[in-house]
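# Chains, contacts and geometry: an overview
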Amino acid sequence: MIPSDGFVVYVALSEFMAVQRISIWQKAPQLVLSALLIATVAVPLGCRPRDGVGNTDVKVLDSYRGDVYRSLDPPKQFDAASSRIISHIYDPLLDYHYLKRPYELTPNLLESMPEIGEDKLTYTFKLRKGIKFHDDPCFSGGKGRELTVDDVLFTIKRFADVNVNPQSYPALLQNRIKGLDEFREKTRQQKDLDYDQESIAGLEKVDEYTFKIVMIEPDPLLLMSFATNALSIVPKEAVEKYGRKLEHHAVGTGPFTLAKNPRKGVMVLKKNPNYHGTYPTEGEPDDQSQGLLTNAGEQLPFVDEVRIPLIEEAQPRMLKFLSGELDSIGIDRDNFTKMAEKVGNEFQLKGKFAKQFNISSVDALSSFYITINFRDKVFGQNKVLRQALAYALDTPAYIEKMENGRGHTLNTIVPLPIAGSEQSVSVQWYSHNLQKAKAKLKEAGYPEGKGLPPVVILYGSQDNITRQNHEFLRAQLAKSGIQLKGEFLSFSDYLGRKEGGSFQLASGGWRADYPDAENFYQLFYGPNKAPGPNDGSYQNPEFDRLYEQMRRMPAGSERNQIIEKMALLLKADVPVVFLKAPISVGMRQKWLLNSKPNLMLGSTAKFLDIDTEMKAEGLK
């Protein structure tokens, strides 16, 4: 669900943007138009030599972040930069299998997958015994205690508290668990509720390791919500001791602990020696031959430390990668033309780069677009003007010229690999047509653009790539008579403006919280309007009715028919203008082991290993 403001070019470990996202996202997930390599980009690794001499005793993952994170408190993170860091430190109840495709839910903090009762409404969850939180001063004696059901129930209630989480609740748990929506409304009226004194009909503690969740109605997607970073388990003691400081001081059960956290310096994560996870013992047919099951069944993580400096510009990142200081990286537009090429539908490295590095590409689980604010006086009530904008943009040219062909055009909001995408429905989005754009502009009351004030678009980045992408879009729209003006903000300020509805157009995008079309169509559900995930505040009663009908249906042709109707409504109303479904392309060092793109995991760092001798030799 992670939102972001730059195209996710490559996320080596987990996100191979979000998003953001993606949500962000998660919608987490970074975002749109700007080819900015989101803060969620790459989670590279390596073995850093000390004082210039190769050190093969300590495995250090040398990564980077492209943006400053917003919050490390799970229910308060709505951006890809935050989500990526959280996924190293915290654990959700469920996760996605690292190796299997299609993506498959798997137990994380649970003994086994939750069991559904005969009533088709009640899930029973059983926690694994012996899982402990990280050592931290918030606990008695500074020693992390064992995870119990009380921590899970506290986390769910806190996630539902509107004072803690104003955004992601609608996308993940609204209208799903008996009594939880009512609890959320109570927090709106009464701040600082004592969660322990608030009983919720759909949450039942059976014993210290067993609990039940009762749904409002049968819901085939509910469990996916419990695999998101936003619902990672947080101990009550940490919330009570640190309060808002928890946004920069993380206490979880995850594979790494937060050792150093300068806002803009080098973040350092240390291996959690008591981590409960092990490397998978099975995968896809080719995984064995590719060496991806060499460490089957071994305790995670394999690396001792992760170092994550803030490197906001693409060229300094690439120079560090080429010198071996980073172990994987997304390929930015300028370097792509020098180092890689697209041959048919495949990407490959050129010349010496093919000998030195490995390349990977995968269709991202994210969509990028321009969001139109329906509160805006010019665009909000003028559907024909919005249609003119859709005709004016030449997205194939944008993908080819500004993204080196690394993307697909979109006909619906749903990325191609996800169930319910355009592969399942018959919808054709607007094709670039300058004559139709001008005709629509005239019909909207602005012949040749006369009388239309300059249109302002918001970006969540100030880097050169973002500005170059804007210039391309500005020149395109000028051909039809639309003057486009860019406003370039820090990512944090950008999120604040979107949440407050203070914009006309905004670069936008969404990375899947879970692999289903519902997670994308909820972006246009009326009750989710800003500051919720529907940040353009689009509202159509017929769309809302269809969404409510679709969201709890099992996959199949009947559901796809409803999705098609929803997609056609969005085409007519144009709450967004599509830009692309990205293809993530990046490079990694030869010494990086166990690397397989997984777009549903917040981070894959815990699965990665390094050939330390090869790394040390490469850094000499």
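Use the structure listed above.
Residues numbered from 1 in each chain as written. Predicted model: local features only at pLDDT ≥ 70, side-chain atom pairs only at ≥ 80, totals over all residues. Heavy atoms only, no water.

### Considerations on the sheet that holds strand 8 (residues 256-260)
Note: strands within a sheet are paired through backbone hydrogen bonds, in either parallel or antiparallel orientation. If you walk across this open sheet you meet the four strands as 1-10-9-8, and the pairing is mixed. Two strands bound the open sheet, and with one partner strand each, they are strand 1 (60-62) and strand 8. Strand-to-strand twist across the sheet, computed as the mean angle between neighbouring axes with direction ignored, equals 25°. Bridging between strand 1 and strand 10 (residues 305-309) involves three bridges; their strand directions are parallel. (Pairing = 2+ DSSP bridges. Helix = DSSP H or I, 4+ residues; strand = E, 2+ residues; numbered from the N terminus. Axes fitted to C-alpha atoms, helices over the stretch in contact; angles between N-to-C directions.)

### Quick look at the packing of helix 10 (residues 383-392) against helix 12 (residues 434-443)
Where helix 10 meets helix 12, the axes come as close as 8 Å, and the angle between the chain directions of the two elements is 165°. The angle between the axes of helix 10 and helix 12 places the two elements in the roughly antiparallel class. Here helix 10 runs over helix 12; the crossing is left-handed. Every residue of helix 12 that contacts helix 10 at V384, L385, Q387, A388, Y391 and A392 is listed here: K436, A437, K440, L441 and E443. (Parallel < 35°, antiparallel > 145°, perpendicular 65-115°, else oblique. Left-handed = near helix turned anticlockwise from the far one by under 90°. Contact = heavy atoms within 4.5 Å.)

### A word on the pattern of salt bridges
It is possible for side chains bearing opposite charge to pair when their charged atoms get close. Scanning all chains against the criterion turns up 32 salt bridges. In this structure, R552 and E217 form a salt bridge, with 3.8 Å as the shortest nitrogen-oxygen distance. Of this pair, R552 sits in the loop between helix 16 (541-550) and helix 17 (557-573) while E217 sits in the loop between strand 7 (210-214) and helix 5 (222-225); the two residues are 335 residues apart in sequence, bridging distant segments of the chain. Residue R552 is classed as buried on the basis of its relative accessible area, which comes to 10%. In this structure, E471 and R474 form a salt bridge, with 3.0 Å as the shortest nitrogen-oxygen distance. (Salt bridge = Lys/Arg side-chain N within 4 Å of Asp/Glu carboxyl O. Buried < 20%, exposed > 50% of the residue type's maximum accessible area, 1.4 Å probe, protein only.)

### Description of the sheet that holds strand 5 (residues 122-126)
As summarised here, the arrangement of the four strands in space is 4-5-7-6, forming an open sheet in which the pairing is antiparallel. Both edges of this open sheet fall to strand 4 (115-116) and strand 6 (203-207), since each of them pairs with a single strand only. Where strand 5 meets strand 7, five bridges bridge the pair, whose relative direction is antiparallel. Directly across from T124, in strand 7, lies its bridge partner K212. Contacts from helix 2 (residues 149-160) reach strand 6 and strand 7 within the one sheet, and its direction differs from that of strand 6 by about 170°.

### Remarks on helix 4 (residues 180-189)
When we look at burial in helix 4, the residues that qualify are L180, D181, F183, R184 and T187. Looking straight down helix 4, one finds that the buried residues subtend no more than 160° of arc, so they occupy a single side. For helix 4, the exposed residues lying more than 90 degrees away from the buried face are E182 and Q189. The secondary structure elements touched by the buried residues of helix 4 are helix 2 and helix 3 (169-172). (Arc of directions from axis to C-beta.)

### Observations concerning the side chain of K498
The residue K498 is located in helix 14 (residues 491-499) in this model. Residues contacting K498, with those up to four places away along its chain left out, are T371, L458, F503, A506, S507, G508, A530 and D535.

### Looking at the environment of D194
With respect to the helices and strands, the residue D194 is situated in the loop between helix 4 and strand 6. In this structure the side chain of D194 is engaged in a polar contact, spanning 3.1 Å, whose partner is the backbone nitrogen of D196. (Polar contact = N/O pair within 3.5 Å; in protein donor to acceptor, adjacent residues only side chain to side chain.)

### Observations concerning the packing of aromatic side chains
The final tally for this structure, using the stated rule, is 26 aromatic pairs. Measuring from ring centre to ring centre gives 5.9 Å for F133 and F139, while their planes differ by 25°; the resulting arrangement is stacked. An identical accessibility class is assigned to F133 and F139; each is buried. Three or more aromatic residues joined by ring pairs form one cluster here, namely F374, Y521, F524, Y538 and F543. In this structure, K571 is placed above the aromatic ring of Y430, and the distance from its NZ or CZ to the ring centre is 5.5 Å. (Phe/Tyr/Trp six-rings, centres within 6.5 Å; stacked < 30°, edge-to-face > 60°. Lys NZ or Arg CZ within 6 Å of the ring centre and 35° of its normal.)

### Notes on the nonpolar core
Grouped together as the largest cluster of nonpolar side chains are 152 residues, with contacts concentrated most on L93, L173, L180, I213, F226 and Y521. If sequence neighbours within four positions are ignored, Y521 has contacts with T412, I413, V414, F543, Y547, M550, I563, M566, A567 and L570. Counting residues in each nonpolar core, the second largest holds 17 residues, with I311, F336, F353 and M587 among its members. (Core = buried A, V, L, I, M, F, W, Y, C linked by side-chain atoms within 4.5 Å.)

### Focus: unusual backbone geometry
With an omega of 0°, the peptide bond running from R101 to P102 counts as cis. Its location among the elements puts P102 in the loop between strand 2 (94-96) and strand 3 (105-107). Of note, the amide linkage connecting L300 to P301 takes the cis form, showing an omega dihedral of -10°. Along the chain, the position of P301 falls in the loop between strand 9 (266-271) and strand 10. For K120, which is not glycine, the phi torsion reads 60° and is therefore positive. Its location among the elements puts K120 in the loop between strand 4 and strand 5. Since its relative accessible area comes to 51%, K120 is described here as exposed. With phi around 55°, N404 is a residue other than glycine that occupies positive phi space.

### Quick word on helix 13 (residues 464-478)
Its 15 residues place the ends of helix 13 21 Å apart at the C-alpha level, agreeing with the 21 Å of an ideal helix rising 1.5 Å per residue. All of the buried residues along helix 13 are I465, T466, N469, H470, F472, L473, Q476 and L477. The buried side chains of helix 13 occupy one side of the element, clustering within an arc of 160° when seen end-on. (Expected span 1.5 Å × (residues − 1).)

### Quick word on the packing of helix 11 (residues 395-402) against helix 13
The interhelical angle for the contact between helix 11 and helix 13, taken along N-to-C directions, is 150°, at an axis separation of 11 Å. Overall, the two elements helix 11 and helix 13 adopt an arrangement that is roughly antiparallel. Regarding helix 11 and helix 13, the two cross each other, and that crossing is right-handed. Between helix 11, through A397, Y398, K401 and M402, and helix 13, the contact on the second element is made entirely by Q468, N469, F472, L473 and Q476. Of the residues assigned to the contact of helix 11 with helix 13, the class counts are five nonpolar, three polar and one charged. (Nonpolar A, V, L, I, M, F, W, Y, C, P; charged D, E, K, R; others polar.)

### A few points about the environment of V455
When you line up the elements, V455 lands in strand 17 (residues 455-459). As for V455 and F379, which are separated by 76 residues in sequence, their C-alpha atoms are 9.5 Å apart. Setting aside residues no more than four positions away along its own chain, V455 makes contact with F379, I482, Q483, L484, K485, Q504 and L505.

### Some thoughts on the side chain of N404
Along the chain, the position of N404 falls in the loop between helix 11 and strand 16 (407-408). Here R406 takes part through its side chain, which lies 2.8 Å from a polar atom of the side chain of N404. Setting aside anything within four residues of it in sequence, one finds N404 in contact with R333, F336, T337, F347 and I399.

### Regarding the pairing of strand 8
By the bridge criterion, four bridges tie strand 8 to strand 9 in an arrangement that is antiparallel. Looking at strand 9, one finds that F256 is bridged to K271. Counted between consecutive antiparallel strands, the loop separating strand 8 from strand 9 contains five residues.

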